[in-house]
Amino acid sequence: MPRSVTVLFGLFGAVSSPITAQLAPPSTGGIVTLDALLQRLAEPRRVLVVGAHPDDEDTALLALMERGFGAESAYLSLSRGEGGQNLLGSELGIALGLLRSRELQAARAIDGADQFFTRAFDFGYTRSLEETERNWLPDSVLKDVVRVVRRFRPHVMVAAFSGTARDGHGQHRLSALLARRAFAIAGDSMAFSELGSEERLAPWTPLKLYRSTRFDSAATTLVLPTGGLDPRSGRTHHQIAMASRSQHRSQDFGVLQPTGPARTRFARLESRVEHGADQRLFDGIPRDTSWAALFGDSLRAELSPKRLADAVQPLLAALRRARRDGLPDDRRRLLEEALTVAAGLVLDATASHADLVPGQTFDVRVDLYNGGPLEVVIEDITVLPARGAEIAPASEAASSARVAFLGARLEPGTLETLRTTHRVSATASLTQPYFLAAPLRGELYDWSAARPEERGLPFGPPLMAAVARVQIDGVTVHLSREITHRFREQAVGEIRRPLRIVPAVDVRVAPRTLVWSSAGPRSKTLSVTLTANAPDTLTGSLRFVVDGWPVPEDQPFRLERLGERRSYAFTVERPLGVERQSVSARVVARTSDGRLFDHGIHDITYPHIRPVSWLRPARAAIHIAPITLPTVRRVGYVRGASDRVPEALRGIGVPLDLLDAQDLAGDDLALYDAIVIGSRAYEADSALARHNDRLLEYVERGGLVLVQYQQYQFVRGGFAPYSLEIARPHDRITDETTPVRILDRTHPAFVSPNLINDEDWQGWPQERGLYFPRSWDAAFEPLLAMADPGGEPVRGALLVARYGQGTYIYTGLSFFRALPAGVPGAYRVFLNLLGLSATHAQ
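Residues numbered from 1 in each chain as written. Predicted model: local features only at pLDDT ≥ 70, side-chain atom pairs only at ≥ 80, totals over all residues. Heavy atoms only, no water.

Digging into the overall build of the protein
Okay, step 1: From N to C terminus, the protein includes 20 helices and 45 strands.
Okay, step 2: Principal axes of the C-alpha set define a box for the protein whose edges measure 90 × 70 × 55 Å.
Okay, step 3: Per-residue burial over the protein gives 57% buried out of 842 residues.
Okay, step 4: Counted over contacts in the protein with a minimum sequence separation of 6, partners at least 24 positions apart contribute 75%.
Okay, step 5: Entry remark: accessible area of the protein is about 33500 Å², with carbon and sulfur atoms responsible for 50%.
Okay, step 6: Both charge centroids of the protein, one from 98 positive and one from 97 negative side chains, sit 2 Å from each other. (Helix = DSSP H or I, 4+ residues; strand = E, 2+ residues; numbered from the N terminus. Buried < 20%, exposed > 50% of the residue type's maximum accessible area, 1.4 Å probe, protein only. Contact = heavy atoms within 4.5 Å. Areas by Shrake-Rupley, 256 points an atom, 1.4 Å probe, with all protein chains shown as cover. Lys, Arg positive; Asp, Glu negative; His and termini not counted. Charge placed at Lys NZ, Arg CZ, Asp CG, Glu CD.)

See below:
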C-alpha cells in the first residue's frame, strides 16, 4: 500500500510521501491502509534499488518488499528518461522526462515504493561508459546517489545492472558502478561532508549489496518468490509488479499479469554482516524486536473491518508510550496515521481555483469529518503554503479563522468546516519543477537554487496543504491533506487538479523551430498566441524581436476575460545576403501597467498520470540554409509515435496530408507523389498494418513509400516488399558526430534537388539512427555506411529498392529527432528522398 498522500510544511517540517497517480477524493483507506501501516511499523528494514532510467527498476522486488514484507523500498533512477522515445504523444527531451517521472510515480503508487532521482539528464543511448562519465560527471552524480542513501537509509542496496560491458548501455553500466561506490562511501563522514553540514544528512552504512541477475541467471545466489498472494488485494506480488510496470506506457511497456509461481533473482556482491546460506534478502540483518515492532505485529492479528475502532485504544496507549519512552519520528508518524485511520477521521481541502496568478485572491475550504465512534477535540486547523511560496491570508480575519476551532468538540458523524481567503503575492514565483528553475549544465540539471529537502525528489511539494491537529482521548495527532481544486465533469464525475501559480498572460510562439530556405521568400510569418489566466481585462503591446534583424512593429493586445485566447501574426524579414544563419526570436507582452510576460504553460496530461506542467520561454529558433524542395505536388503521411515530422515538413513548404484509416483503405492513394510512414507507425496505427497491401500496390504502380524506423513488429509482419532482418540487439549509431560515408555519390538521393555533402551530417541530435536492418534482400540497395567509435561499420541506415514501377525506402536515420530540432542537413537529405518519386522510378 503506498504511503498516504500526506504533506507537512512550515512548523511541522517538510515530510512528503509518494503522491498517487490520480488526484482523488479523501479517504481513510480503511482496514487495508491500517494493516499496511502496522506492517510497516513491524518491519523497519529498507531496500534501495539503483538503475539508470525509468523502467529499469525491479518492480517485482519493490512489490514484494512493500506488499509482502512491509519493508520500505525505493527506486533511484539516475535519469528521468529524457533520451527515450514516446509511444503516447509528441513529448521528447525535457517534456518526455516530465512524463516519465510521473509514470514512475504512478508505478510507485501501485507497488508502494518511494521514488528518487539524480541530476543526470538522459542524453540518449550510448554503448560507451567513457561517454557516460564524460556527460554525467561521476563525482556529481555519485554525490546525488550518496544523498539518497543517507536520506533513505537502506539496509540493502540492489544494483539493477552488473556494471560490466554485458549491460550494453553505458548509462546502465555507470548506474551499477555508482551503486557500488555509494555502498562503499555513504557511511564515511569525510565523503561529501557538505551533505552533513549543509543538508543535515548523517552518514549511513548499508549492510548488503546485490545486483539483479534478470539477464544473467548463472550468477544468481538469491531467489525471491514473487508468486505469493497479497491478502489486501487478492493479487500476487508478481501481478502487482506487472501492473506497476505497465504504467510506463510512453515506452510501450504494457504487460500481462499472470497468476502462478514467479520469482526474481539476484547475486550478492558485498556484505557487512555474517551470512549463511543467504536464502533471504535480510539474512544477517537483525529484525526489529522493539516494543513498537511487536505491537504492530500483535495488533495486525486482531484487526477486523467491523471492529476497526477497537484498535483506537491500543494505538492511544502505544502513542503515549512512544512520547514517554521516545520513538523515532518516522515510527511515531506511523502510529499517528494508524490512529487517525482507526478513529475514522477524514480531512479534505479544496481551493476555488487551480490556476492562480500573482496578486490573485482565492478561497480555501477545509473539511474535517469524524466518521468514527469517538468524540475528538480540534486543537487547530491550519492552511499552509509550501516553503518559499508567497501565499498568505488575505486579511486579519482570514488569518485568525482557525482560532475559532480551538477546543471545539467534533462529535461522531459530524463535519467541521474552515473557510478562509488567501492571496498570492504580486511578486510570487511561477510554478515550475524545481530541477527546471535553471538551464541545464551540460547533461546535468542545475539544482543549486533548490532547497536541500527537494533535491532528488520527483517534484517539489504541493503548493498548499491543510493540517489539522486533533486530540483523541488527550493524545494529539496530525492529519494533513494537499489542497486541490475540485470540479465536476458530467461524463466522468469528480475531477481534481493541483494548484499552481501561472502567469497572468500566457505567451506562445509558433512554430518554435523554423527552418527557412535561403532560396525561398525573404519574409516569413510567425504566430503569437496570448491566453488570459486572470479574470481582469488586460491591455498592452506585443514585441517580437529577432537577434540582429529589423524589429517588426509592436502590436497592441486586449484580453477581456479569463481563458480568452487571441492570436497575432508577425512577419519577419531576413537580411539580404544571408545564406546560412541560426538566430533566436523572442516575444514579450508588456501590459499597460508595465508587467512583462514571456513564458507559456505547457501541460502534460494523460489518464494514467498526475498532470504536470512546465514553463517554456516564448522563443523560436530560426535556421536559414540553402534548401531546395523536390517537385512533389502532394505527399501523404501516416503519423508515428512522438512524431512531429509532418509539422516540420509543412513548415518548409511540403504540401502534406495526414492519412487516416479511411484514407489508407480508399482508392485515391495515387493522388500522392510520395507517402511517408512515421517512426513506429506500425505500432501506433493499427489501420496501417491492416491496409499495408494497399501501400504495396501503390508502390508497385509507380508510387514512392518512405518508411522511417520501425521495431521488430514490422519485420515479423513482413510489411516490406522484400525481406529485412533486424538483429537483437538492433544495429544503431549512438554517436551523433560519427562520420557518414555515402556509398554512391552519384545516386539521386545525394544529388537532387540538394547536393549532399559532409556539412549535412553536422548538428544531428542525440544519435544518427536506430533499428537499422542487419541483413536484407538483394533488391535493397544500401546507400550509407557509418560506425560508432570502435565499432564495426553498418550499412543498413538507408535502403532503397525498386518495387514494380515504384520506389520503396526504409531508413533508420533519426529524422524524427533531427527535423523537429531544425537540422538543415536532415531536411536536405529527407527532401531528396521524397524527390526520388520523380527521379529514381524513371
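A few points about the sheet that holds strand β34 (residues 656–658)
Okay, step 1: What the seven strands build is an open sheet, ordered β34-β33-β35-β36-β45-β44-β42; its pairing is mixed. Edge positions in the sheet fall to β34 and β42 (780–782), since each of these pairs with one other strand and no more. Strand-to-strand, the axes of this sheet are offset by a mean angle of 20°, without reference to chain direction.
Okay, step 2: With three bridges joining them, β42 and strand β44 (residues 798–803) adopt antiparallel strand pairing. (Pairing = 2+ DSSP bridges. Axes fitted to C-alpha atoms, helices over the stretch in contact; angles between N-to-C directions.)

A look at unusual backbone geometry
Okay, step 1: Residue R728 is joined to P729 through a cis peptide bond whose omega torsion reads -5°.
Okay, step 2: As for its placement among the helices and strands, P729 is situated in the loop between β37 (724–725) and β38 (731–733).
Okay, step 3: Between S752 and P753 the backbone carries a cis peptide bond, its omega angle lying at 0°.
Okay, step 4: With respect to the helices and strands, the residue P753 is situated in the loop between β39 (740–742) and β40 (769–772).
Okay, step 5: One non-glycine residue, D473, lies in positive phi territory at about 55°.
Okay, step 6: Topologically, D473 is positioned in the loop between β17 (464–472) and β18 (475–482).
Okay, step 7: In this structure, Y771 takes a positive phi of about 55° despite not being glycine.

Some remarks on the pairing of strand β10 (residues 345–351)
Okay, step 1: Counting buried positions along β10 yields seven of seven residues, so the element is predominantly enclosed.
Okay, step 2: On β10, burial covers both faces: L345, L347, A349 and A351 on one face and V346, D348 and T350 on the other are all buried.

Side note on the side chain of H238
Okay, step 1: Of note, H238 is situated in helix α8 (residues 237–245).
Okay, step 2: The class of H238 is buried, set by a relative accessible area of 17%.
Okay, step 3: If we ignore the near neighbours within four places in the chain, the residues touching H238 are T226, P258 and A262.

Considering the pattern of salt bridges
Opposite charge on two side chains makes pairing possible when the charged atoms of those side chains draw close.
Okay, step 1: This structure, assessed with the given rule, holds 63 salt bridges.
Okay, step 2: In this structure, R694 engages E697 in a salt bridge whose closest nitrogen and oxygen atoms are separated by 3.4 Å. With a gap of three residues between them, R694 and E697 both fall in helix α17 (residues 692–700), about one helical turn apart.
Okay, step 3: For R694, a relative accessible area of 16% puts it in the buried group.
Okay, step 4: Through salt bridges that share partners, R119, D144, R147, E199 and R455 make up one connected network. (Salt bridge = Lys/Arg side-chain N within 4 Å of Asp/Glu carboxyl O.)

As for the environment of G30
Okay, step 1: One can find G30 in helix α1 (residues 30–42).
Okay, step 2: Note: C-alpha distance between G30 and P261 (231 residues apart in sequence) is 30 Å.
Okay, step 3: In this structure G30 touches L308 and V341, once residues within four positions along its chain are discounted.

Examining helix α5 (residues 138–152)
Okay, step 1: Between the first and last C-alpha of α5 there are 21 Å, a value that for 15 residues agrees with the 21 Å anticipated at 1.5 Å per step.
Okay, step 2: With respect to burial, α5 is a largely interior element, 12 of its 15 residues being buried.
Okay, step 3: Of all the residues in α5, the buried ones are P138, V141, L142, K143, D144, V145, V146, R147, V148, V149, R150 and F152.
Okay, step 4: In the segment just after α5, R153 is the residue with positive phi, at about 60°. (Expected span 1.5 Å × (residues − 1).)

Section: the packing of aromatic side chains
Okay, step 1: What the rule picks out here adds up to 23 aromatic pairs.
Okay, step 2: Summarising the aromatic geometry, the rings of Y722 and F780 are spaced 5.9 Å apart at their centres and angled 90° between planes, so their arrangement reads as edge-to-face. A residue pair is termed long-range when its members are at least 10 positions apart, and Y722 in the loop between α18 (712–716) and β37 and F780 in strand β42 qualify at 58 residues.
Okay, step 3: Accessibility expressed as a relative area gives 4% for F780, which makes it buried.
Okay, step 4: Ring centres 5.7 Å apart and planes at 55° place the aromatic pair W764 and F815 in the tilted group. Taken together, the positions of W764 in the loop between β39 and β40 and F815 in helix α19 (residues 815–818) put the pair 51 residues apart, joining distant regions of the chain. Take W764 and F815: they sit in the same class, and that class is buried.
Okay, step 5: Seen from the ring of F435, R80 lies directly overhead, with NZ or CZ sitting 3.6 Å from the centre.
Okay, step 6: Directly above the aromatic system of F183 lies the positively charged group of R272, at a separation of 4.1 Å from the ring centroid. (Phe/Tyr/Trp six-rings, centres within 6.5 Å; stacked < 30°, edge-to-face > 60°. Lys NZ or Arg CZ within 6 Å of the ring centre and 35° of its normal.)

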